[in-house]
Amino acid sequence: YPYGITSGPDGNVWFTERYGNLIGKITPAGVITNFPIPTANSNPIEITTGPDGNLWFTEYGASSSCCGQIGKITTAGVVTEFPVPTSNGYPHGITTGPDGNLWFTEVHTNKIGRITPGGVTTEFSTPTLNSEPLYIVAGPDGNLWFTETVGSKLGRITTAGEITEFP
């Protein structure tokens, strides 16, 4: 069940295999290599190339604290996992921010997370309760933009963590 996809820093395309619990790599010639994620049933969702030359991905259903982790995989296939601080976070979208950090959404806790390439996580709550932020992207204005699926809004977060919502 391939899900998220991104261009990698190594000239290959990288993707998540949500129910296979794998991160995949496909070369321009079509050769596929799969890398297992150490945590069972992690449900990798979205993936992006990080500022550190690694691939970063969300693990929607993984963690001993339930539920969610942020994963990092090197182009050689070595995986490192970082638990999301808030229980039941369910990270979904992820992108590289203009500040050199990774930014992600936490669907069920209504938070936007920031993780440094070294693994330090900070969370920011959305103003609207039960907004369920889902996807996130770095905008041309130097901010991060995200969708609030249930809140029926678009959100903007500065790299300092200030959030503005638009109906």
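Participant: Honestly, the pattern of salt bridges in this entry has me stumped. Any pointers?
Facilitator: Oppositely charged side chains may form a pair once their charged atoms are brought near each other. Going through the model one piece at a time under the given rule, you end up with two salt bridges. Residues Glu165 and Lys153 are paired through a salt bridge, measuring 3.6 Å at the closest nitrogen-oxygen approach. Here the residue Glu165 occupies a position in strand 16 (residues 163-166), and Lys153 occupies one in strand 15 (residues 153-157), the gap between them amounting to twelve residues.

Participant: What am I meant to see in the environment of Phe146 here?
Facilitator: Within the secondary structure layout, Phe146 lies in strand 14 (residues 144-148). By relative accessible area, which is 2% here, Phe146 ends up buried. Along the primary structure Phe146 and Arg156 are separated by ten residues, whereas in three dimensions their C-alpha atoms are 6.4 Å apart. Excluding residues that lie within four positions of it along the chain, Phe146 makes contacts with Thr105, Ile112, Thr126, Pro133, Tyr135, Ile136, Lys153, Leu154, Gly155, Arg156, Ile157 and Ile163.

Participant: What am I meant to see in the nonpolar core here?
Facilitator: Grouped burial of nonpolar side chains is what soluble globular proteins tend to show. Counting residues in each nonpolar core, the largest one holds nine residues, listed as Trp14, Ile23, Phe35, Ile37, Ile47, Leu55, Phe57, Ile73 and Val79. Ignoring sequence-local partners within four residues, the contact set of Val79 consists of Pro36, Pro38, Phe57, Lys72 and Ile73.

Participant: For this particular structure, what's the right way to read unusual backbone geometry?
Facilitator: Across the chain, the bulk of peptide bonds are trans and the bulk of non-glycine residues have phi less than zero. For Glu132, which is not glycine, the phi dihedral falls at a positive 50 degrees. Within the element layout of this structure, Glu132 appears in the loop between strand 12 (121-125) and strand 13 (133-138). Judged by its relative accessible area of 26%, Glu132 is partly exposed. Backbone geometry at Ser152 places phi at a positive 50 degrees, although glycine is not the residue there. Mapped onto the secondary structure, Ser152 falls in the loop between strand 14 and strand 15. Overall, Ser152 belongs to the exposed group, its relative accessible area being 55%.

Definitions and limits used
- Residues numbered from 1 in each chain as written.
- Predicted model: local features only at pLDDT ≥ 70, side-chain atom pairs only at ≥ 80, totals over all residues.
- Heavy atoms only, no water.
- Salt bridge = Lys/Arg side-chain N within 4 Å of Asp/Glu carboxyl O.
- Helix = DSSP H or I, 4+ residues; strand = E, 2+ residues; numbered from the N terminus.
- Buried < 20%, exposed > 50% of the residue type's maximum accessible area, 1.4 Å probe, protein only.
- Contact = heavy atoms within 4.5 Å.
- Core = buried A, V, L, I, M, F, W, Y, C linked by side-chain atoms within 4.5 Å.

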